[in-house]
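# Geometric and topological summary
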Amino acid sequence: MELTAKPRTPKQKLDEGMIAAVAYNKEKNVSFALDRKAFDRAFRQQSTTGLFDITVEGGETFPALVKTVQMDKRKRTPIHVDFYMVTYGEPIEVAVPVHTTGRSQGEIQGGLVDIVVHNLSIVAPGPRRIPQELVVDVTKLNIGDHVTAGDVKLPNGCTLAVDPELTIISVLPPRLTAEELEAETQAAQVAGMVASGELSEEAAEAVLEGDASVEEAKAETAAATEEDAPKEGTEGRNLDKDNHKAEEIRSESGQENN
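Overview of the structure. The structure displayed is predicted, hence computed values, not measured ones.

Rules behind the numbers
Residues numbered from 1 in each chain as written. Predicted model: local features only at pLDDT ≥ 70, side-chain atom pairs only at ≥ 80, totals over all residues. Heavy atoms only, no water. Pairing = 2+ DSSP bridges. Helix = DSSP H or I, 4+ residues; strand = E, 2+ residues; numbered from the N terminus. Axes fitted to C-alpha atoms, helices over the stretch in contact; angles between N-to-C directions. Salt bridge = Lys/Arg side-chain N within 4 Å of Asp/Glu carboxyl O. Buried < 20%, exposed > 50% of the residue type's maximum accessible area, 1.4 Å probe, protein only. Contact = heavy atoms within 4.5 Å. Arc of directions from axis to C-beta.

### Structural notes on the sheet that holds strand β13 (residues 167-172)
- In space, the 3 strands of this open sheet follow the order β8-β13-β11, with antiparallel pairing throughout. With partners counted over all chains shown, the strands left at the sheet margins are β8 (112-115) and β11 (146-148), one partner each. Direction aside, neighbouring strands of the sheet carry axes that sit 10° apart on average.
- Taken together, the 4 bridges between β8 and β13 define a ladder with antiparallel strand orientation. Considered in β13, the bridge of D114 is made with S170.

### Observations concerning the pattern of salt bridges
- Enumeration according to the criterion identifies 3 salt bridges in this entry.
- Here E60 makes a salt bridge to K28, at a shortest N to O gap of 2.8 Å. Taken together, the positions of E60 in the loop between β4 (52-56) and β5 (61-71) and K28 in the loop between β2 (18-24) and β3 (29-35) put the pair 32 residues apart, joining distant regions of the chain.
- A residue is classified by how much of its surface remains accessible, and E60, at 33% relative accessible area, is partly exposed.
- Between R44 and D40 there is a salt bridge, with its nearest N and O atoms 3.4 Å apart. In this pair, R44 and D40 both sit in helix α1 (residues 36-46), 4 residues apart, roughly one turn of the helix.

### Here we look at the environment of P78
- Position of P78 relative to the elements: it lies in strand β6 (residues 78-85).
- The exposure class of P78 is buried, given its relative accessible area of 1%.
- Expressed as a C-alpha distance, the spacing of P78 and F43, which sit 35 residues apart in the sequence, is 10.0 Å.
- The contacts of P78, once residues within four sequence positions are left out, are I19, R36, F39, D40, V69, Q70 and M71.

### Side note on α1
- Buried within α1 we find F39, A42 and Q46. Along the axis of α1, the buried positions cluster into a sector of 70°, meaning they face one direction only. Turned more than 90 degrees away from the buried face of α1 sit K37, R41, R44 and Q45, all of them exposed.
- In this structure, the buried side of α1 is in contact with β1 (2-7), β2, β3, β4, β5 and β6.

### A look at unusual backbone geometry
- Backbone geometry places S47, a non-glycine residue, at a positive phi of 55°.
- The backbone of R76 sits at a positive phi, close to 55°, despite the residue not being glycine.
- Here R76 shows up in the loop between β5 and β6.
- Judged by relative accessible area, which is 53%, R76 ranks as exposed.

Next up, the structure:
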């Protein structure tokens, strides 16, 4: 796509509706100004993978790719653009958007397709051979399946610039509903209370079945524990009674012998 630019110096004040831009490579750096609306329309179509033929008025024409766009945070409009100059016919590394097509078997089962890497780095044989996107058919994927960088079909002449084993797409299990998440959290809490002795297994079961609240189950467990424990001083009193009874028996036996 062609863009017409006006030459500018780094500190030059811009005309209304124009934005600052710079294009560079290892050998040179060119500053210029672009019409904001024209660039915005072109960038929405081309993004960072589309090639721009930039012509500076009274100067040269060169091919370039958008490297970064600085945006106005409030208006969400471009205010500065960095381009990277390229050379026709020379290999170039670029990050290309990854998109999916089809509905996976995992989605039919309630799962979720997760695009882990949204932009895959590849090496194209030249600027004009850069694909606009890389499309992956996920129709046959089940829950737990994944697609690696090596599985992605690349255009002729293009090669990967990343590890082929890098996971690009995964099919995740169904997400928990709010109720399921709450139940799972409560189960973990109850298990911890059983382990610490705050709840008996019977009380824990009552909580999980919805027959009692956690506080009610804790109170029930505490009451049962208190009931099972010997009363303070009981063992001593019982021992005294046993000793007294034995003494009576010995006394009676002595009287009979006399």
